Amino acid sequence: PSNEQLAKLSVRTATPFFAFGLVDNFIMVTAGAAIEDTVGISLGLSTMVSAGFGNMFADGLGIGLTKWIESGADKLGLPNPNLMENQKKTRKVKIVAAVSGFLGISLGYNKSIKLKLSKM
């Protein structure tokens, strides 16, 4: 694949992962804090148990939101890398996709934490 195709793949992969990281982690932190401040106090749940329940809640919502996030990313008109089937199987493409997904979700996670902290 050309460098242009790899750049398009990177944008196309990172964008929905950014959105997912933003939504999933914001929900996880918000739900975990709400659980800890309400049910956690009355049942004596630790912060980690409350965070675990928040994560479970966010994961459940995340599964439902996946198609919505991907659909939204498609509507943005993100560049299509137009990779051939044999190109999709190459090590280089798999690495670019994995790194782009990791960076996207990491940036989304960091943004969600900043949003949450700014509201505190």
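Cut-offs applied
- Residues numbered from 1 in each chain as written.
- Predicted model: local features only at pLDDT ≥ 70, side-chain atom pairs only at ≥ 80, totals over all residues.
- Heavy atoms only, no water.
- Salt bridge = Lys/Arg side-chain N within 4 Å of Asp/Glu carboxyl O.
- Helix = DSSP H or I, 4+ residues; strand = E, 2+ residues; numbered from the N terminus.
- Buried < 20%, exposed > 50% of the residue type's maximum accessible area, 1.4 Å probe, protein only.
- 1 Å grid on protein atoms, 1.4 Å probe; cavity = no way out; pocket = protein on both sides within 12 Å on 5 of 7 lines; lining within 4 Å.
- Points joined across faces, edges and corners; volume = space filled by probe spheres on them.
- pLDDT = per-residue confidence, 0-100.
- Expected span 1.5 Å × (residues − 1).
- Bend = angle between axes of the 7 residues up to and from the residue.
- Contact = heavy atoms within 4.5 Å.
- Polar contact = N/O pair within 3.5 Å; in protein donor to acceptor, adjacent residues only side chain to side chain.
- Axes fitted to C-alpha atoms, helices over the stretch in contact; angles between N-to-C directions.
- Parallel < 35°, antiparallel > 145°, perpendicular 65-115°, else oblique.
- Left-handed = near helix turned anticlockwise from the far one by under 90°.
- Nonpolar A, V, L, I, M, F, W, Y, C, P; charged D, E, K, R; others polar.

Chemist: So what about the pattern of salt bridges? Which residues, and what values?
Modeler: One pass over the structure, following the stated rule, counts 3 salt bridges. Its salt-bridge partner being E4, residue K8 comes within 3.3 Å of it at the nearest N-O pair. Here E4 and K8 lie together in helix 1 (residues 3-43), a separation of 4 residues that amounts to about one turn. Given a relative accessible area of 25%, K8 falls into the partly exposed group. The class for E4 is exposed, based on a relative accessible area of 53%.

Chemist: Please give an account of the layout of surface pockets that cites residues and values.
Modeler: Considered as a void within the structure, the largest pocket measures approximately 210 Å³ in volume. In this structure, the largest pocket is lined by R12, T13, P16, F17, F20, T66, I69, E70, A73, D74 and L78. Secondary structure elements with two or more residues in the lining of the largest pocket: helix 1 and helix 2 (47-75).

Chemist: An account of unusual backbone geometry is needed here, citing residue identities and associated values.
Modeler: Positive phi is not limited to glycine here, since N82 has a value of about 50°. One can find N82 in the loop between helix 2 and helix 3 (85-88).

Chemist: Give me the lowdown on the confidence of the model for the protein, citing residues and values where you can.
Modeler: For residues with low pLDDT, the predicted coordinates do not support detailed interpretation. Here the protein shows a mean pLDDT of 89. Residues at 70 or above account for 95%. Mean pLDDT across the secondary structure elements of the protein bottoms out at helix 4 (residues 91-118), with 86, and peaks at helix 3, with 96.

Chemist: Account for helix 2, with residues named and values stated.
Modeler: Spanning 29 residues, helix 2 covers 39 Å between terminal C-alpha atoms, matching the ideal 42 Å at 1.5 Å per step. The largest bend along helix 2 measures about 45° and falls at L65. Close packing links the buried residues of helix 2 with helix 1. In the segment just after helix 2, G77 is the residue with positive phi, at about 70°.

Chemist: So what's going on with the environment of S106? Residues and values would help.
Modeler: Inspection of the secondary structure assignment puts S106 in helix 4. On the basis of relative accessible area, S106 is assigned to the partly exposed category, the value being 21%. Between the C-alpha atoms of S106 and F18, which are 88 residues apart in sequence, the distance is 7.2 Å. Within the local environment of S106, its side chain forms a polar contact with the backbone oxygen of F102, the two atoms lying 2.7 Å apart.

Chemist: Please provide a residue-by-residue account of the packing of helix 1 against helix 2, values included.
Modeler: Any two packed helices are characterised by the angle at which their axes cross and by the distance between the axes. The contact between helix 1 and helix 2 brings their axes to 7 Å, and the two run at 150°. When the axis of helix 1 is compared with that of helix 2, the two are roughly antiparallel. The chirality of how helix 1 crosses helix 2 is right-handed. Split by residue class, the contact of helix 1 with helix 2 holds 16 nonpolar, 7 polar and 5 charged.

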